[in-house]
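One letter stands for each residue in the lines below.
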Amino acid sequence: MQGSQGSNEHETVGAYALGILDDAEATAFEAHLATCEWCAQQLDELAGMEPMLAALADLPGSGTPAIGESLSAKPSPRLVERLVDDVGDRRAQKRRRSFYMIAAAAALIIAGPLAVIAANGGNSSGDTPAVATAKTTFDTLSDKVSATDKSTKVTATVAMSKKDWGTLGVVELKNVKGPLKCSLIAVGKNGERETMSSWSVPAWGYGIANATKAEAKAPLYAQGGAALTPNEIDHFEVMTFDGKRLVEVDA
């Protein structure tokens with residue numbers, strides 16, 4: 001070791017090799033590294049150890065001096081403990097950040113324009129902006145197909161529009177009773193099946209003409225998309241999650 005630097009600064013080489021120093025710490029160590037041959041040699045020996053240390057950080061009993069015995073570079077046990085602990089802490093932080101990012105992304109997806117949208121007849125202030133978007137889209141699209149299933153009595157009308165990426169579709173569903181979980185599926189002329197949207201139907205249902213609940217009288221609107229273009233679609237199906245077909249609509 002050269003100069004008057006303390007041992008703690010020499011041990012920073014492991015954290016630097018793993019890339020877990022912040023900018024200020026990394027800059028300070030690089031200034032030390034320029035004048036320390038021992039640290040430069042240690043840096044070469046520690047190169048590529050991050051995956052192994054990351055794995056060790058996830059094992060029971062990690063952070064013990066015994067781990068140092070299995071490392072070819074043979075750093076001191078105290079250095080190994082610090083490296084493994086640092087990696088474990090950093091990986092835990094990354095997991096927490098990943099969780100928050102996934103949760104935020106899920107919230108955006110749920111609130112996004114392709115989310116399932118049901119008209120709320122009991123909302124005294126009128127349709128919410130999301131509902132208005134789906135219903136407005138449905139009302140403005142001129143290409144509509146409709147059918148009523150003789151067995152289930154469910155009526156579906158699918159409004160569609162050709163897009164560069166495929167087909168935009170909005171389904172209006174009436175006379176459907178819950179509780180159910182359903183999907184709108186576009187079936188191609190080649191047999192390909194694409195789920196355009198999915199939703200839940202509460203016990204009181206949607207589009208029930210003689211319903212006592214105001215919410216149940218309003219139709220359900222679900223907006224989605226398919227990679228298939230309109231001329232590639234043979235028909236649409238409204239299916240329950242357990243495989244029952246509620247209604248089929250020819251395209």
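Residues numbered from 1 in each chain as written. Predicted model: local features only at pLDDT ≥ 70, side-chain atom pairs only at ≥ 80, totals over all residues. Heavy atoms only, no water.

Trainee: It is not clear to me how the overall build of the chain should be interpreted in this structure. Could you clarify?
Mentor: Along its length, the chain carries seven helices and nine strands. Classification of the 251 residues of the chain by burial places 41% in the buried group. Accessible surface, the chain as shown: approximately 13900 Å² in total, 54% of it carbon and sulfur. (Helix = DSSP H or I, 4+ residues; strand = E, 2+ residues; numbered from the N terminus. Buried < 20%, exposed > 50% of the residue type's maximum accessible area, 1.4 Å probe, protein only. Areas by Shrake-Rupley, 256 points an atom, 1.4 Å probe, with all protein chains shown as cover.)

Trainee: Before we go on, may I ask you to explain the pairing of strand β2 (residues 143-148) in this structure?
Mentor: Where β2 and strand β3 (residues 155-163) come together, six bridges link them in antiparallel fashion. Residue K144 lies in a different strand from β3, and its bridge partner there is A159. Taking the residues between adjacent antiparallel strands as the criterion, β2 and β3 are bridged by six residues, where K153 takes a positive phi near 65°. (Pairing = 2+ DSSP bridges.)

Trainee: What should I look at first to understand the nonpolar core in this one?
Mentor: Note on soluble globular proteins: their nonpolar side chains tend to be buried together. Ranked by size, the top nonpolar core spans 26 residues in total, and within it L173, L184, W199, F236 and V238 carry the most contacts. Those elements giving two or more residues to this core turn out to be β2, β3, β4 (166-174), β5 (180-188), β6 (193-201), β7 (220-226), β8 (233-240) and β9 (245-250). Those residues within four positions of F236 in sequence are excluded, and the remaining contacts are V145, V158, M160, L184, I185, A186, M196, V247, E248, V249 and A251. V13, F29, C36 and C39 belong to the second-largest nonpolar core, a separate cluster that totals eight residues. (Core = buried A, V, L, I, M, F, W, Y, C linked by side-chain atoms within 4.5 Å. Contact = heavy atoms within 4.5 Å.)

Trainee: It is not clear to me how helix α2 (residues 23-33) should be interpreted in this structure. Could you clarify?
Mentor: Residues separated by three or four positions in an α-helix point in the same direction, a consequence of the helix having 3.6 residues per turn. Inspection of α2 places A26, F29, H32 and L33 among the buried residues, and these make up the whole buried set. Buried residues of α2, seen end-on, are gathered within an arc of 120° and therefore sit on one face of the element. Opposite the buried face of α2, at more than 90 degrees from it, the exposed residues are D23, A24, T27 and A31. (Arc of directions from axis to C-beta.)

Trainee: Is there a simple way to explain the sheet that holds β6 in this structure?
Mentor: Sheet strands line up and pair through hydrogen bonds in the backbone, either parallel or antiparallel. If you walk across this open sheet you meet the four strands as β6-β5-β8-β9, and the pairing is antiparallel. Two strands lie at the open edges of the sheet, namely β6 and β9, each paired on one side alone. On average, each strand axis in the sheet is inclined to that of its neighbour by 15°, with strand direction left out of account. As defined by bridge partners, β8 adjoins β9 across five bridges and the pair is classed as antiparallel. Within β9, the residue paired with F236 across the bridge is V249. (Axes fitted to C-alpha atoms, helices over the stretch in contact; angles between N-to-C directions.)

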